[in-house]
Amino acid sequence: MSGPGPAGAKLDINRAGVAELEGALSGIGRRRARGIVRKREELKGFTCLDDLLHVKGITTRILELNSQRMTCRRCPGPEGPPRASPAPLGDSEDHRAPAAQMKRKSENGPDGRALSPGKKLCKGSDYGRTLGPCTPSPTTTFGDLRNAKVGQARRRHIPPVAPPPELQDWLRTFQRWSGPEKLLALDELIDRCEPAQIKYMMQVIEPQFQRDFISLLPKELALYVLSFLEPRDLLRAAQTCRYWRVLAEDNLLWREKCREEGIEEPLHLRKRRLLSPGFMYSPWKFAFLRQHRIDMNWRSGELRPPKVLKGHDDHVITCLQFCGNRIVSGSDDNTLKVWSAVTGECVQTLVGHTGGVWSSQMRDSIVISGSTDRTLKVWNADSGECVHTLYGHTSTVRCMHLHGNRVVSGSRDATLRLWDIETGQCLHVLMGHVAAVRCVQYDGNKVVSGAYDYTVKVWDPESESCTHTLQGHTNRVYSLQFDGTHIVSGSLDTSIRVWDVESGNCLHTLMGHQSLTSGMELRDNILVSGNADSTVKIWDIKTGQCLQTLQGPSKHQSAVTCLQFSSKFVVTSSDDGTVKLWDLKTGEFVRNLVALESGGSGGVVWRIRASNTKLVCAVGSRNGTEETKLLVLDFDVDLK
């Protein structure tokens, strides 16, 4: 083999021996030099410098360091004649077959070896600038990527046209340039293309860089990745391919999505069905889809004509309970009525009170009522029988709260009583207020009461002792909420106060309403309050911040009478004869669910109660403009 030659001469990698390679090149060493010689013998000579990348230990960095010191001459040497190589672009053979000239390189090199993806030419090196006789390079090109697709997919259809005569010269010139020069040329070329041509390039290029990484992952990891998708995106992903659909139907994946939405039970259809061969439906997915459609029915579905339940004549409906498919309405006509929410029929009329019914509670088939006749009654809603009459209060029973088998009642006689509804016995009497008790809450451990004496009291019912008297309101307390940790009280003084039940300290005073806070609901530190000033406010009781005020052009035009909220919506009723639906998160008005024709002229919605799929409204008037009745709106869906 020849030596390195005179100073400045480049080392020919097809002739140099181990010692010459080791001595003249940086980062090679004897082991890599021997590897170069072995690979050269195996290949029967190198065709270009880039062939060195097939030698174990030779990286693009080493190639760049030595690119100015090496050359690749194809003269026959002791190792034998070099490998045959396709003629350069523009040779006479190419002119005989122009169609063949345009065909991209296959995924294998001319010697049958697999090409190494990701190998790059050395930027700025001479071998990258000069084509010479060794035009084809093992470096993976975009043509290789296209041809390497599964099944050797055919190229996009290009209209048949004879190649321009200058095409081969143009391509040969492009191949001579270095990497940065090629990028510059491409940038200039793109600027000169029409939009249709750019679109074609995108359609050719983009699919080559799309990778189905989900299918390459173990199923557990793939499901973990998909769990971060929103349900809407998960449904779209199911349309990608067969395997993605299998993953997107995973029952445990949809169970987590349901739990995030507060859906506790899967939906088992009567007839288990295959979505298509090999795809069994997910009960949790169907539960999610059902809930989504129900939400859409509330938000924008067609309002079907409501069921109309009449039975209290022209009297006021003073209290309303709704559980399962049973509705119980109490009235100042001294009766309660039990209705079927499915058929709209009155199944029982509970007769026995000698005064108007002003408070009630219900659990399953047990109904408890409080009346101006100073008694509580326990009823069996199935049979209509009065199970117990609870005597003890000396004035109207104005409020009550049921927990388990015990109910606490508050009266205008300024006392509270704790009763066992199974035996009918009065277990404890709580005395301390000096005016009528207007509202009460009971969690099975503590009793919290609000009264017309401007105070809120916390009681230990077992010892019949008052553990805290919460002072701060400057007028009557009309409404209470209690979650076991926080007490929230609403007063005629326009304020709402948040208290700590253990210490009795006032944590926040929520200001913003202009009148009596008549109704509130608390869930997970979110408080929604309705006021006689016609507004509804949403608060964070942890921070005391008002998150939203439900107002604007579509706000109520009179006092808010009742409200209820879920994880998505707030439903409010008013003296203006409307029931409105609001978005809980944004505070935006969604639509009117009920709008009485007599609204504004006497028609009133007194009470509302809602389940996931139904809304019950107690409506009427005090001047005879609206008939007393219950309206039942249904938002359920039928998944067949």
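Our subject is the structure listed above.
What comes next is a walk through the structure. Just so it is clear, the structure is predicted and the values come from calculations on it, not from any experiment.

1. Considering the overall build of the chain
Check the secondary structure of the chain and you find 16 helices and 36 strands. Of all 640 residues assigned to the chain, the portion counted as buried reaches 46%. A separation of at least 24 residues holds for 47% of the contacts in the chain among residues at least 6 apart in sequence. Looking at the chain as shown, the accessible area adds up to about 32,300 Å², and 51% of this sits on carbon and sulfur atoms.

2. Comments concerning the sheet that holds strand 23 (residues 486–491)
Read from one edge of the open sheet, four strands run 22-23-24-25, paired in antiparallel fashion. Because the sheet does not close on itself, it has two edges, and the strands there are strand 22 (477–482) and strand 25 (506–510). On average, each strand axis in the sheet is tilted by 20 degrees relative to the strand beside it, whichever way the strands run. Note that strand 22 and strand 23 share five bridges and pair antiparallel. For Gln 481, the partnering residue across the bridge sits in strand 23 and is Val 488.

3. Comments concerning the pairing of strand 7 (residues 326–331)
With respect to burial, strand 7 is a largely interior element, five of its six residues being buried. What sits between the antiparallel neighbours strand 6 (residues 317–323) and strand 7 is a turn of two residues, in which Gly 324 has the positive phi angle 65 degrees. Counting the residues in the hairpin turn of strand 7 and strand 8 (residues 336–340) gives four residues, including Asn 334, whose phi is positive at 80 degrees.

4. Describing the packing of helix 8 (residues 167–176) against helix 9 (residues 179–191)
Close contact between helix 8 and helix 9 brings their axes to 9 Å; oriented N to C, the two are set at 135 degrees. As judged from the angle between their axes, helix 8 and helix 9 are oblique. Between helix 8 and helix 9, the contacting residues are Trp 170, Phe 174 and Gln 175 on the first element and Lys 182, Ala 185, Leu 186 and Leu 189 on the second.

5. As for the sheet that holds strand 11 (residues 366–371)
Spatially, 10-11-12-13 is the arrangement adopted by the four strands of the open sheet, whose pairing is antiparallel. Taken across any chain shown, the strands that pair with only one partner, and hence form the sheet edges, are strand 10 (357–363) and strand 13 (386–390). Direction aside, neighbouring strands of the sheet carry axes that sit 15 degrees apart on average. With four bridges joining them, strand 12 (residues 376–380) and strand 13 adopt antiparallel strand pairing. When the bridges of strand 13 are listed, Val 378 appears paired with His 388.

6. A short note on the packing of aromatic side chains
Inspection of every chain in the model, using the stated rule, returns six aromatic pairs. Considering the side-chain rings of Tyr 224 and Phe 228, the 5.1 Å spacing of their centres and the 90 degrees angle between planes classify their relative orientation as edge-to-face. The class for Tyr 224 is exposed, based on a relative accessible area of 51%. On the basis of relative accessibility, which here comes to 59%, the residue Phe 228 falls in the exposed class. Taking 5.4 Å as the distance between ring centres and 55 degrees as the angle between the ring planes, the aromatic pair formed by Trp 254 and Phe 288 counts as tilted. With a gap of 34 residues between them, Trp 254 in helix 15 (residues 251–260) and Phe 288 in helix 16 (residues 283–300) connect regions that are remote in the sequence. Residue class for Phe 288 comes out buried when judged on its relative accessible area of 11%. Sitting over the ring of Phe 565, Arg 523 keeps its end group 4.7 Å from the ring centre.

7. Concerning the environment of Asp 12
Locating Asp 12 in the fold gives a position in strand 1 (residues 11–12). Separated by 59 residues in the primary sequence, Asp 12 and Thr 71 place their C-alpha atoms 4.9 Å from one another. Excluding its chain neighbours within four sequence positions, the residues that come into contact with Asp 12 are Thr 71, Cys 72 and Arg 73. One polar contact links the side chain of Asp 12 to the main-chain amide nitrogen of Asn 14, over a distance of 3.0 Å.

8. Side note on unusual backbone geometry
For Asp 313, which is not glycine, the phi torsion reads 55 degrees and is therefore positive. Residue classification places Asp 313 among the exposed positions, given a relative accessible area of 58%. The backbone of Asp 364 shows a phi angle near 55 degrees, a positive value even though the residue is not glycine. Asp 364 gets classed as exposed once you look at its relative accessible area, which sits at 53%.

9. A short note on the packing of helix 15 against helix 16
Orientation of helix 15 relative to helix 16, taken along the N-to-C sense of each, is 35 degrees, at an axis distance of 7 Å. Seen along the crossing, helix 15 lies across helix 16 with a hand that is left-handed. Facing helix 15, whose interface residues are Asn 251, Trp 254, Arg 255, Lys 257 and Cys 258, helix 16 presents Pro 283, Trp 284, Lys 285, Ala 287 and Phe 288. Considering only residue class, the contact of helix 15 with helix 16 consists of six nonpolar, one polar and three charged.

10. A closer look at the nonpolar core
Counting residues in hydrophobic clusters, the biggest one holds 20 residues, and the most contacted among them are Leu 21, Ile 36 and Leu 52. Residue assignment for this core shows that the elements contributing at least two residues are helix 2 (29–43) and helix 3 (60–66). Per-element accounting of this core gives the leading share, four residues, to helix 2. Apart from residues lying up to four places away in sequence, Ile 36 is in contact with Leu 21, Ile 28, Phe 46, Leu 52, Val 55 and Ile 58. Counting residues in hydrophobic clusters, the runner-up holds 18 residues, among them Val 605, Leu 615, Cys 617 and Leu 631.

11. Looking at the side chain of Ser 371
Structurally, Ser 371 can be placed in strand 11. At 3.0 Å, the side chain of Ser 371 forms a polar contact with the backbone oxygen of Gly 356. Each residue touching Ser 371, except ones within four places of it in the same chain, is listed here: His 353, Gly 355, Gly 356, Val 357, Trp 358, Thr 396 and Val 397.

Procedures and definitions
Residues numbered from 1 in each chain as written. Predicted model: local features only at pLDDT ≥ 70, side-chain atom pairs only at ≥ 80, totals over all residues. Heavy atoms only, no water. Helix = DSSP H or I, 4+ residues; strand = E, 2+ residues; numbered from the N terminus. Buried < 20%, exposed > 50% of the residue type's maximum accessible area, 1.4 Å probe, protein only. Contact = heavy atoms within 4.5 Å. Areas by Shrake-Rupley, 256 points an atom, 1.4 Å probe, with all protein chains shown as cover. Pairing = 2+ DSSP bridges. Axes fitted to C-alpha atoms, helices over the stretch in contact; angles between N-to-C directions. Parallel < 35°, antiparallel > 145°, perpendicular 65-115°, else oblique. Phe/Tyr/Trp six-rings, centres within 6.5 Å; stacked < 30°, edge-to-face > 60°. Lys NZ or Arg CZ within 6 Å of the ring centre and 35° of its normal. Polar contact = N/O pair within 3.5 Å; in protein donor to acceptor, adjacent residues only side chain to side chain. Left-handed = near helix turned anticlockwise from the far one by under 90°. Nonpolar A, V, L, I, M, F, W, Y, C, P; charged D, E, K, R; others polar. Core = buried A, V, L, I, M, F, W, Y, C linked by side-chain atoms within 4.5 Å.

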